[in-house]
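Notes for the structure review
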Amino acid sequence: MRDGWSVRALARSERSAAAVEAAGADSVLGNLDNGGAILDGAGGCDVFFHAAAFVGEWGSRADYERGNVDGTQNAIEAGYSAGVRRFVHVGTEAALLAGDPLVNVDETAPLRPDSRADYARTKARAEQIVRDFDRLETVVIRPRLVWGVGDTTILPGVEKAVRAGRFSWIGGGRHRTSTTHVDNVVEGLVLGAERGRPGEAYFVTDGEPVVFREFITELLATQGIEVPDRNAPRAVAGALAAAGETAWRLLPLRGGPPVTRMAFWLSALETTIDISKARRELGYEPVVTRAEGMEELRRAAG
């Protein structure tokens, strides 16, 4: 592999295993519920990168617990048993989210395992597991709003909402947000493996924040999609998210609520990140600009 790393990756299916092999890595069939498979895959490895998580916008609480909390516990225990030296965990700014904006936030901000959003709550607990595990070296790398070619969450989700006529800017969408191109995430992870201080967390982003509306508009434009100029009042959207989640938890309703707390927080709250610590301690700098990443998406779309 590039930079001289030999890579082995856990794959949940034959199809995923084929993709891993096509990328030049070795594959191991298994999932986060299978500690034996993880142990076998980690054997002989020096660094364990834990990037798997349940990231769906909506799902059962059991799925979030199993994927993010139990899965992380299984992964780090297997890594320790396999004798890896360092465990690098992919965290998220969502672990700090509980309904308030994050303005120029840094790593001193507290985790929010009390968050009412299941993804935020379980990712906070997952990070606590990693940082409290003192039997091997642990480092947490926290990107914000990961995007780029191959994205299966942000761009596809927004594109689906626009095509279905369900997309509206919340409060105008003019708040600022930090973003992280996937190549910049990888840069942060490698630097975390090589230079991170054990027990520490590091934010990595694309650098300067951008206006949320401008970013999403340009992101969709790479796919030839024009965003409709519809707006929803922030107070109404927030109330709808809270009421909708309550109704879907209590009643036997199909699918998911029209707006979830996480979708509301992503679309309506400023989330800007200070990456000074990663720059100072890891030597981190973004390796791909937003303009370069957008051009990659245009080329990939044909």
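Above this text you will find the structure in question.
Structure report, in brief.

On to the overall build of the protein, then. Within the protein, the regular secondary structure consists of eleven helices and 14 strands. For 302 residues, the compact-globule formula gives about 19 Å, and the C-alpha radius of gyration of the protein, at 19 Å, lands near that figure. Across its three principal directions, the C-alpha atoms of the protein cover 55 × 45 × 40 Å. Relative to its full complement of 302 residues, the protein shows a buried share of 46%. Considering only contacts within the protein whose residues lie at least 6 apart along the sequence, 77% involve residues at least 24 apart.

Another point: the side chain of arginine 261. With respect to the helices and strands, arginine 261 occurs in helix α9 (residues 261-268). When its relative accessible area of 11% is taken as the criterion, arginine 261 is described as buried. Leave out the neighbours within four places in its chain, and arginine 261 touches Arg116, Ala117, Ala241, Ala242 and Glu245.

Taken as a whole and judged by the stated rule, the model has 27 salt bridges. The salt bridge involving arginine 61 is made with aspartate 118; its shortest N-O contact spans 3.3 Å. Taken together, the residues arginine 61 in helix α3 (residues 61-82) and aspartate 118 in helix α4 (residues 118-132) connect sequence positions 57 residues apart. Note on arginine 61: relative accessible area 46%, which makes it partly exposed. Residue classification places aspartate 118 among the buried residues on the basis of a relative accessible area of 8%.

This part covers unusual backbone geometry. Positive phi is not limited to glycine here, since asparagine 104 has a value of about 50°. Along the chain, asparagine 104 turns up in strand β5 (residues 102-105).

Take the sheet that holds strand β11 (residues 200-204) next. If you walk across this open sheet you meet the four strands as β3-β4-β6-β11, and the pairing is parallel. Both outer strands of the open sheet, β3 (47-50) and β11, are each paired with one neighbouring strand and no more. Ignoring which end each strand starts from, the neighbouring axes of this sheet average 20° apart. Summarising the sheet, strand β4 (residues 86-90) and strand β6 (residues 137-143) pair through five bridges and their orientation is parallel. For histidine 89, the partnering residue across the bridge sits in β6 and is valine 140. Each of β4, β6 and β11 touches α4; the most contacted strand, β6, lies at about 150° to it. Of the strands in this sheet, β3, β4, β6 and β11 are in contact with helix α6 (residues 182-195), which crosses β4 at around 155°.

Right, let's talk about the pairing of β3 for a bit. Remark: a regular strand shows side chains that alternate across the two faces of the sheet. For β3 and β4, the ladder comprises four bridges, and the chain directions are parallel. Counted as the bridge partner of phenylalanine 49 is valine 88 from β4. Where the polypeptide runs from β3 across α3 and back to β4, its parallel neighbour, the crossover connection is right-handed.

Here we take up the environment of arginine 166. Among the secondary structure elements, arginine 166 is positioned in the loop between α5 (154-163) and β8 (169-170). With residues near it in sequence (within four places) discarded, arginine 166 still touches Lys160, Ala161 and Arg230.

So, on to the nonpolar core. Among the nonpolar cores identified, the biggest contains 38 residues, and Leu96, Ile141, Met262, Phe264, Trp265, Leu282 and Tyr284 are the most heavily contacted of them. Of all hydrophobic cores here, the second largest spans 19 residues; its members include Leu145, Ala161, Val162 and Val210.

With that settled, consider empty space enclosed by the protein. With the rule as written, the count across this model stands at one cavity of 30 Å³ or more. As a volume, the largest cavity reaches approximately 70 Å³. Every residue lining the largest cavity is listed: Glu57, Trp58, Tyr64, Arg116, Ala117, Asp118, Tyr119, Glu245, Arg249, Thr260 and Met262. Of all the elements in the fold, those that place two or more residues in the lining of the largest cavity are α4 and α8 (234-250). Its residues assigned to classes, the lining of the largest cavity shows five nonpolar, one polar and five charged.

What counts and what doesn't
Residues numbered from 1 in each chain as written. Predicted model: local features only at pLDDT ≥ 70, side-chain atom pairs only at ≥ 80, totals over all residues. Heavy atoms only, no water. Helix = DSSP H or I, 4+ residues; strand = E, 2+ residues; numbered from the N terminus. Rg over C-alpha atoms; globule rule 2.2 N^0.38 Å. Buried < 20%, exposed > 50% of the residue type's maximum accessible area, 1.4 Å probe, protein only. Contact = heavy atoms within 4.5 Å. Salt bridge = Lys/Arg side-chain N within 4 Å of Asp/Glu carboxyl O. Pairing = 2+ DSSP bridges. Axes fitted to C-alpha atoms, helices over the stretch in contact; angles between N-to-C directions. Right-handed = clockwise from strand over helix to strand, strands pointing away. Core = buried A, V, L, I, M, F, W, Y, C linked by side-chain atoms within 4.5 Å. 1 Å grid on protein atoms, 1.4 Å probe; cavity = no way out; pocket = protein on both sides within 12 Å on 5 of 7 lines; lining within 4 Å. Points joined across faces, edges and corners; volume = space filled by probe spheres on them. Nonpolar A, V, L, I, M, F, W, Y, C, P; charged D, E, K, R; others polar.

In short, geometric facts, not functional conclusions.
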